[in-house]
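# Per-entry structural report
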Amino acid sequence: MKSATPKVLHDICGRSLVGHVLAAARELDPANLVVVVGHAREQVTAHLAEIDPGVRTAVQAQQNGTGHAVRMGLEELGGAVDGTVVVVCGDTPLLTADTLARLAGTHHADGNAVTVLTAEVPDATGYGRIVRDDATGAVTAIVEHKDATDAQRSIREINSGVFAFDGQLLADALKKVRTDNSQGEEYLTDVLGILREAGHRVGASVAGDHREIAGINNRVQLAEARRILNDRLLTRAMLDGVTVVDPASTWVDVTVTFERDVVVHPNTLLIGSTQLGEGAEVGPNSRLKDTRVGAGARVDNTVSDGAVVGPGAGVGPFAYLRPGTRLGAKGKIGTYVETKNASIGEGTKVPHLSYVGDATIGEYSNIGAASVFVNYDGQDKHHTTVGSHCRTGSDNMFVAPVTVGDGAYTAAGSVITKDVPPGSLAVARGQQRNIEGWVARKRPGSAAAKAAEAASRQGDGED
């Protein structure tokens, strides 16, 4: 990956690679879930504790092959287990729980000692080929590409590296795996031959979509997997009643939820725990993270992080909702407005060119254009409260801490530094003074002076 981040911790669609694998495995409801960690294990273990505290970890201090890794996992469980052991790779984020369930079901139904998950691919170059018995369909061998005959290379069924084993037979066979190979490692695939030679059945389960078994080894493959997973998520949403106008330019995380009749416009990114209520409309050109949008709300050309938009409310275009923003039902956050840690009541509007931070605004108030809630004194943040049914003028500064009472008005251009009683009009600006003839005296001969002179003559009735 050419990265300081361990491969399995790279993110696609809101989860790490290993997080996707864990989510699929959890749906099988396993008695034990063990992750074998080696490279950068401190980072990986800390991540696992955060996303799945119930997972167990086994340390593979030296990376001595896949068979050795599985042996370390079994030792974490006491050396052997009864029942089925499913082995998956931590870098296969497209693998689904349904495919794993079919693998385990086939393994049980066929009475296999081991069942390998396979896939038929358009181009099998470089993959291990699955060789089957013509009569029974049982797997007789997995032949690596470099060792395959021409006939075997024509086989398009390949090994995925995902297996279901009989737990007791697996533990016994791992003791017999040798390291006399070019890598000097314990190969898990050798277990298949050991069990077959002992008279046990080796079977296979074919994945419905060969892309599920794709491992991620570089950024190109990461991007390809992200595209596939994103398409899956959008397809599911559309089948559930969501309109996605342009799936090619819409990106979502696995943790995003939609209700029916949501409309998502092009160039929209929905990430984290974002929730879109029934009939909500989002985009175009919007990025919503951990944001809840109520039923029938409209969010247009907006960046939002950790905000709540009430039912029927409108946001944007070109708004920025920072964490802690709460917009009430039928409220409005308009063009070039930024909010942070602000509770804005039902029906209240902040329509234009304003900053509202560390504030509470009541119901059905209107905040005039170009208003700033001055919340920071250089050391501490302070709170502003504006009541319900207030009308504040344009170009107001609210210097916190300050309160504007219910039903109060503030005049345009005011700097509000003192509390405004309910029902009052606050005027906090200097009186206007006109100095006549100033331009002619101070800027003689200028374009402004000539324009003023012409206007003066016109006013006196001169041609």
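Throughout what follows, the structure given in this document is the object of discussion. Keep in mind the model is a prediction, meaning the values are calculated, not measured.

For the rest of this paragraph, the subject is the overall build of the chain. What the chain contains, in helices and strands, is 10 helices and 38 strands. Relative to the compact-globule value of 23 Å for 463 residues, the chain shows a C-alpha radius of gyration of 33 Å, a clear excess of over 25%. Within the chain, buried positions represent 42% of all 463 residues. Within the structure as shown, the chain displays about 23000 Å² of accessible surface, and the carbon and sulfur contribution to it stands at 49%. Here the chain contributes 45 positively and 55 negatively charged side chains, and the mean placements of these two sets differ by 6 Å.

Below, the discussion takes up the layout of surface pockets. There is about 380 Å³ of room inside the second largest pocket. Taken together, 16 residues form the lining of the second largest pocket, with Arg15, Glu27, Thr96, Arg232 and Arg236 sitting closest to its centre. Secondary structure elements with two or more residues in the lining of the second largest pocket: helix H1 (17-26), helix H4 (97-110) and helix H8 (219-239). In terms of residues, the lining of the second largest pocket owes the most to one element, H8, which gives four residues. Taken together, the residues that form the lining of the second largest pocket break down as nine nonpolar, two polar and five charged.

There is a patch of nonpolar side chains on the surface, built from Phe318, Tyr336 and Leu353 and spanning about 340 Å² of accessible area. Here Tyr336 shows up in the loop between strand E26 (332-335) and strand E27 (338-344).

One can find Ser160 in strand E9 (residues 157-166). Look at Ser160 and you get buried, because its relative accessible area is 11%. Engagement of the side chain of Ser160 in a polar contact is seen with the backbone oxygen of Leu117, the distance being 2.6 Å. In terms of polar contacts, Ser160 uses its side chain to reach the backbone amide nitrogen of Val162, at 3.0 Å. Once residues within four sequence positions are removed from consideration, Ser160 is found in contact with Leu117, Thr118 and Ile213.

Considering the arrangement of structural elements, one finds Arg226 in helix H8. Residue classification places Arg226 among the partly exposed positions, given a relative accessible area of 26%. Sequence separation of Arg226 and Leu94 is 132 residues, and the distance between their C-alpha atoms is 8.9 Å. With residues up to four places along the chain from it excluded, the contact list for Arg226 reads Asp11, Ile12, Cys13 and Trp251.

Turning our attention to the environment of Thr96. Secondary-structure assignment places Thr96 in the loop between strand E5 (84-87) and H4. Residues Thr96 and Ala207 lie 111 residues apart in sequence; the distance between their C-alpha atoms is 9.8 Å. Contacts of Thr96, omitting those with residues within four sequence positions, involve Ala24, Glu212 and Arg232.

Our next topic: the environment of Thr291. Mapped onto the secondary structure, Thr291 falls in the loop between strand E18 (286-289) and strand E19 (292-293). Thr291 sits 88 residues away from Gly203 along the chain, and the two C-alpha atoms are 47 Å apart. Within polar-contact distance, the side chain of Thr291 engages the side chain of Ser304 at 2.8 Å.

It is characteristic of soluble globular proteins that their nonpolar side chains tend to be buried jointly. Ranked by size, the top nonpolar core spans 53 residues in total, and within it Leu270, Leu276, Val315, Ile333 and Phe373 carry the most contacts. In terms of residue count, H8 provides more of this core than any other element does, seven residues in total. Other than its neighbours up to four places away in sequence, Val315 contacts Arg298, Val299, Asp300, Thr302, Val309, Leu321, Leu327 and Ile333.

Okay, the packing of aromatic side chains next. Applying the stated criterion across every chain yields a total of three aromatic pairs. Ring geometry for Phe318 against Tyr336: centres 5.5 Å apart, planes inclined by 15°, an arrangement best described as stacked. Taken together, the residues span a long stretch of sequence, with Phe318 in the loop between strand E23 (314-315) and strand E24 (319-321) and Tyr336 in the loop between E26 and E27 at a distance of 18 residues. The cationic tip of Arg227 hangs over the ring face of Trp251; the distance from NZ or CZ to the ring centre is 4.2 Å. Lying over the aromatic face of Tyr376, Lys381 brings its terminal NZ or CZ to 5.5 Å of the ring centre.

Under the counting rule described, the total for this entry stands at 15 salt bridges. Of the charged contacts, one joins Lys7 and Asp91 as a salt bridge, the two residues approaching to 2.8 Å between their closest N and O atoms. Of this pair, Lys7 sits in the segment before strand E1 (11-12) while Asp91 sits in the loop between E5 and H4, and the two are 84 residues apart along the sequence. For Asp91, a relative accessible area of 13% gives the class buried. In this structure, Arg71 engages Glu75 in a salt bridge whose closest nitrogen and oxygen atoms are separated by 3.8 Å. Placement of both Arg71 and Glu75 in helix H3 (residues 66-76) is noted, with a separation of four residues, approximately one turn of the helix. By sharing partners, the salt bridges in this structure join Arg71, Glu75 and Glu186 into a single network.

We now examine helix H6 (residues 167-174). Taken as a whole, H6 has its buried residues at Gly167, Leu170, Ala171, Ala173 and Leu174. Across the axial projection of H6, the buried residues extend over an arc of 165°, all falling on one side. Against H3, E5, E9 and helix H7 (190-197) lie the buried residues of H6. Where H6 begins, the side chain of Asp166 points an oxygen toward the backbone nitrogen of Gln168, at a separation of 3.1 Å.

Pairing between strand E7 (residues 129-132) and strand E8 (residues 139-143): four bridges, direction antiparallel. Paired with Val131 across the bridge in E8 is Ala141. Turn length for the E7-E8 hairpin, with the two strands adjacent in sequence and antiparallel, is six residues, and the turn residue Gly137 shows positive phi of about 80°.

A few words on the packing of H3 against H6. The geometry of a pair of packed helices is captured by two quantities: the angle between their axes and the separation between those axes. Two numbers describe how H3 lies on H6: the axes approach to 10 Å, and their chain directions differ by 125°. As far as their axial angle goes, H6 and H3 are oblique. Note on packing geometry: the crossing formed by H3 with H6 is left-handed. Counted together, Gly67, Val70, Arg71 and Leu74 of H3 and Leu170, Ala171 and Leu174 of H6 form the full contact between these two elements. Of the residues assigned to the contact of H3 with H6, the class counts are five nonpolar, one polar and one charged.

What counts and what doesn't
Residues numbered from 1 in each chain as written. Predicted model: local features only at pLDDT ≥ 70, side-chain atom pairs only at ≥ 80, totals over all residues. Heavy atoms only, no water. Helix = DSSP H or I, 4+ residues; strand = E, 2+ residues; numbered from the N terminus. Rg over C-alpha atoms; globule rule 2.2 N^0.38 Å. Buried < 20%, exposed > 50% of the residue type's maximum accessible area, 1.4 Å probe, protein only. Areas by Shrake-Rupley, 256 points an atom, 1.4 Å probe, with all protein chains shown as cover. Lys, Arg positive; Asp, Glu negative; His and termini not counted. Charge placed at Lys NZ, Arg CZ, Asp CG, Glu CD. 1 Å grid on protein atoms, 1.4 Å probe; cavity = no way out; pocket = protein on both sides within 12 Å on 5 of 7 lines; lining within 4 Å. Points joined across faces, edges and corners; volume = space filled by probe spheres on them. Nonpolar A, V, L, I, M, F, W, Y, C, P; charged D, E, K, R; others polar. Patch = residues over 30% accessible without salt bridge, like charges linked within 9 Å, V, L, I, M, F, W, Y side chains within 5 Å. Salt bridge = Lys/Arg side-chain N within 4 Å of Asp/Glu carboxyl O. Polar contact = N/O pair within 3.5 Å; in protein donor to acceptor, adjacent residues only side chain to side chain. Contact = heavy atoms within 4.5 Å. Core = buried A, V, L, I, M, F, W, Y, C linked by side-chain atoms within 4.5 Å. Phe/Tyr/Trp six-rings, centres within 6.5 Å; stacked < 30°, edge-to-face > 60°. Lys NZ or Arg CZ within 6 Å of the ring centre and 35° of its normal. Arc of directions from axis to C-beta. Pairing = 2+ DSSP bridges. Axes fitted to C-alpha atoms, helices over the stretch in contact; angles between N-to-C directions. Parallel < 35°, antiparallel > 145°, perpendicular 65-115°, else oblique. Left-handed = near helix turned anticlockwise from the far one by under 90°.

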